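Fold and contact review
The residues making up each chain are set out below.
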Amino acid sequence: MATDPAQARIAVIGAGLMGHGIAQVFALAGHAVTITDSVVASLDAAKSRIAANLRDLGQDETAVTRVQPCVGLAQAVRDADYVVEAVSEDLPLKQKLFAEIERHVRPDTILASNTSVIPITSIMQGLAKRERALGTHWWNPPFLVPLVEVIETQWTTPEAVAWTMKLHETAGKKPARVKKDVPGFIGNRLQHALWREAISLVEQGICDAETVDAVVKASFGRRLPVLGPLENADLVGTDLTLAIHNIVLPAIDSRPGPSPYLQKLVADGKLGFKSGEGFRKWSPDEQAALRAKLVQHLKTVRD
Ligand SMILES: NC(=O)c1ccc[n+]([C@@H]2O[C@H](COP(=O)([O-])OP(=O)(O)OC[C@H]3O[C@@H](n4cnc5c(N)ncnc54)[C@H](O)[C@@H]3O)[C@@H](O)[C@H]2O)c1
């Protein structure tokens, strides 16, 4: 591993939605970045997508010159200090990819997967040098959402974790250390605990989907950017938190699997934006307006 993470040469495998954005972040932070994709059109589009993002964000467009597209995997990873994959969410594909990557990199090159939900342990178990492998879970869009969860397995060395945390910190991200390789890591466990109860409220006829979202946005959603749940629990008192949990926890949804209500939506083809209806109906204009509002908000609150 390069001694100074700030000087690290980065290789990004997969130039899709996440990969091109991850490459952009590292290039903007001054790193030399190689990027590859098995689909030529994806690779060809990477630099223009990055340039357009930088322009839109009012950031240094010349950063794109530090991104070098490579047609072959070997060429992309050969000189890298750090390799991060953002290929399709498919376990055998990722396992095969890392086996191939390991044949072309130095023994101390750090290897990272940006998987959303596949255990890092499953992806990395076949490697010869598992101690330099870990997960780095970015959030979309990578250049606007600050968090990167850094997930260690039972084999990852503390040095590899510390180096990777530093790499992301100096690139302007907010890395969070995940000490156990558990499904959903930290962020998605919290997010989907909330979604489970949100769906349950609708399923039970307590309110409609619009009301769930309105309640979140007009109440604790307002405070969340400055007051995390455990800061909030300390603020109101752990004794009050315990009293509330004694009453509320037995009442909220604790079923282990997906809600039947959600399963029926999917079975009925109500897939959300992609079909025009999910928990509620979405016209193309409403979809575009919500997406635009989200990006505008993320730009406003970026550090
Ligand atoms: N989309 C999100 O919000 C999000 C958030 C966090 C993590 N992730 C994870 O990031 C990864 C990528 O997701 P995405 O949304 O960017 O997907 P995507 O489909 O936009 O991009 C994946 C890219 O990988 C390429 N690819 C597939 N096999 C390859 C191979 N063998 N070698 C090189 N390139 C290959 C594809 O051609 C494609 O361009 C997935 O593991 C996903 O779960 C996604």
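Look a little higher up for the structure.
Residues numbered from 1 in each chain as written. Predicted model: local features only at pLDDT ≥ 70, side-chain atom pairs only at ≥ 80, totals over all residues. Heavy atoms only, no water.

1. Remarks on the nonpolar core
Core analysis: the largest hydrophobic core is formed by 35 residues, its most contacted members being Ile10, Val12, Ile22, Phe26, Val33, Ile35 and Tyr82. Among residues more than four places away in sequence, those in contact with Ile10 are Phe26, His31, Ala32, Val33, Thr34, Tyr82 and Leu167. Counting 22 residues, the second-largest nonpolar core is a separate cluster that includes Val83, Leu97, Leu111 and Ile118. (Core = buried A, V, L, I, M, F, W, Y, C linked by side-chain atoms within 4.5 Å. Buried < 20%, exposed > 50% of the residue type's maximum accessible area, 1.4 Å probe, protein only. Contact = heavy atoms within 4.5 Å.)

2. Observations regarding unusual backbone geometry
At the junction of Asn140 and Pro141, the peptide bond is cis and its omega measures out at -5° in the coordinates. Here Pro141 is to be found in the loop between strand 6 (133-138) and strand 7 (147-151). (Helix = DSSP H or I, 4+ residues; strand = E, 2+ residues; numbered from the N terminus.)

3. Some words on the packing of aromatic side chains
As enumerated under the stated definition, the model contains five aromatic pairs in all. Relative to Phe279, the ring of Tyr261 lies with its centre 6.1 Å away and its plane at 10°, an arrangement referred to as stacked. You can see Tyr261 sitting in helix 12 (residues 260-267) and its partner Phe279 sitting in the loop between helix 12 and helix 13 (284-301), a full 18 residues away along the chain. For Tyr261, a relative accessible area of 28% translates into the label partly exposed. A cation sits over an aromatic face here: Arg130 above Trp155, 4.0 Å from the ring centre. (Phe/Tyr/Trp six-rings, centres within 6.5 Å; stacked < 30°, edge-to-face > 60°. Lys NZ or Arg CZ within 6 Å of the ring centre and 35° of its normal.)

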